[in-house]
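Residues per chain, in single letters:
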Amino acid sequence: MARGVMLMSGGIDSPVALHYLLRQGHEMVAVHMDNRPFTDDSPLAKVVDHLAMLRDRYHQPIPLYLLPHGPTQITLMRSTDRHFGCVLCRRFMWRSAERIAVREGATFLATGEALGQVASQTLSNMRSATASVQLPIVRPLIGFDKQEIERVAKSIGTYAISTRPGVCCQAVPDKPATRSNLVQILKEEERVDVDTMIDDCVRKAVIL
Amino acid sequence: MYRRLRLCSNRGGYEAIAEPAHPIDLVGAKARFEAVGIPVIDARVMLIAHLDSEVTISRAGRLLFKTQDPRLAERTFERLRSILELPAMEDAPSAGPASG
């Protein structure tokens, strides 16, 4: 079995995806991108509780890396086209998670993405986002619909945690682009110092 | 006029929306906050200010109060209103018929 890094948001999907990978026997590390001040403490609290439940179920330590993503969001909002906010955000998340994967000796990245649920999850935007990393990305829920994911979340006990009250991420643009191409995205990234932003984010990571 | 506060879709905070729309000049708003010593984060398309509760202010005039306490959200709105000269919030529905 392999060692992988899972992006955990606090939502319904990511703990379900993690559950499938753990059930297969992979050793997993969790990464949560901390979007404060654009959200409140609830996403982190949910991730902590999701992991407590899954650690207990699968008897794995599942270290959690908390990465400060708020400063990145502020820089992106100030400097880039808001329509591409979701794709740009995800590119930073992937690259930060890849750095953690290298540190942890992990050989793949993973996410709870399913196709087409939100703006960042169209094929076009997924392609633009994941072009930023080298490691393979595993998506255990890619073919699931929302109802199926919710059913599994309820059966493993993570649904109640995921649906606790919380503030929606305010960094999401009002009109996110549902299509993008790499040329457009790279042009936006030229407006910011990508490497320094990722270095800062990863350097300030906290292990919980 | 701002509509009465309502829980946001994820139930973690209260939002206030003006009808008709009341766009807010964020540059001017930031200056007002700083003039009275209120910490504010400037993300260009929105401000996040630390008043009684933390509040996100969008250019479109939408306000999101990061608290589940409606009274704290209302207090924060009133303070925000005085600093930024915002329209009033609509009155609460009356509890019952007037006496006398």
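Numbering of residues starts from 1 in every chain and runs along the sequence as written. Numbering of ligands from 1 and lettering of chains from A proceed in the order in which they are written. Per-residue local features of the predicted model are confined to residues with pLDDT of at least 70, and side-chain atom pairs are confined, for both listing and counting, to 80 or more; whole-chain, interface and lining totals are unaffected and use all residues.

K.L.:
Give me the lowdown on the nonpolar core, citing residues and values where you can.
P.N.:
Residue and element names in this part refer to chain A. Formed by 71 residues in total, the largest nonpolar core has its most connected members in V5, M6, A30, V31 and A97. In this description a helix means any DSSP run of H or I spanning at least four residues, a strand means any run of E spanning at least two, and both kinds are numbered starting from the N terminus. Counting residues per element, this core draws most heavily on helix α4 (residues 85–104), which supplies 10 residues. Here, residue contact means that the backbone-derived C-beta atoms of the two residues sit within 7 Å. Beyond its immediate stretch of four places on either side in the chain, M6 contacts S14, A17, L18, L21, M28, A30 and A110. Here, a nonpolar core means buried Ala, Val, Leu, Ile, Met, Phe, Trp, Tyr and Cys residues linked by C-beta atoms lying within 7 Å of one another. For every residue, the other C-beta atoms within 10 Å of its own C-beta are counted; 20 or more classify it as buried, 12 or fewer as exposed, and values in between as partly exposed. C-beta atoms are placed from the backbone.

K.L.:
How would you summarise the interface of chain A and chain B if you had to cite specific residues and measurements?
P.N.:
In this assembly, 12 residues from chain A lie in contact with 17 residues from chain B. Residues were grouped as follows: Ala, Val, Leu, Ile, Met, Phe, Trp, Tyr, Cys and Pro as nonpolar; Asp, Glu, Lys and Arg as charged; and all remaining residues, including Gly, as polar. Residues of the side of chain A that touches chain B, tallied by class, amount to six nonpolar, three polar and three charged.

K.L.:
A description of the pairing of strand β4 (residues 46–50) of chain B should follow, citing residues and the corresponding values.
P.N.:
Residues and elements named next belong to chain B. Taking burial as the measure, the five residues of β4 include four buried ones, the bulk of the element. In sequence, strand β3 (residues 40–42) turns back onto β4 through a hairpin of three residues, with R44 there showing a positive phi of about 65°. Two strands are counted as paired when DSSP detects at least two bridges linking them. Relative to strand β5 (residues 54–58), β4 is paired through five bridges, and the arrangement is antiparallel. Paired with H50 across the bridge in β5 is E54. Linkage of β4 to β5, two consecutive antiparallel strands, is achieved through a turn of three residues.

K.L.:
Residue-level account of the sheet that holds strand β1 (residues 6–7) of chain B, with values.
P.N.:
Strands belonging to one sheet form pairs held by backbone hydrogen bonds; the direction of such a pair is parallel or antiparallel. Residue and element names in this part refer to chain B. Taken together, six strands build an open sheet; the order of strands is β1-β2-β6-β5-β4-β3 and the sheet is antiparallel. Two strands in the sheet have a free side with no partner beyond their single neighbour: β1 and β3. As paired elements, β3 and β4 share three bridges and run antiparallel to each other. Within the sheet, the bridge partner assigned to I41 lies in β4 and is I48. Of the strands in this sheet, β2 (14–16), β5 and β6 (63–65) touch helix α2 (residues 70–84), which is tilted by about 135° from β6. Here, axes are lines fitted to C-alpha atoms. For helices the fit covers the stretch in contact, and angles between N-to-C directions go from 0 to 180 degrees.

K.L.:
Tell me about the sheet that holds strand β6 (residues 206–207) of chain A, and please be specific about residues and values.
P.N.:
Residue and element names in this part refer to chain A. With respect to topology, six strands assemble into an open sheet ordered β5-β4-β1-β2-β3-β6, the strand pairing being mixed. Pairing within the sheet leaves two strands with one partner each, and these edge strands are β5 (137–138) and β6. Relative to β6, strand β3 (residues 64–68) runs antiparallel, the two being bridged by two bridges. The residue bridging Y65 from the neighbouring strand is I207, located in β6. Strands in contact with α4 are β1 (3–7), β2 (27–34), β3 and β4 (108–110); relative to β1, the strand with the most contacts, it is inclined by about 150°.

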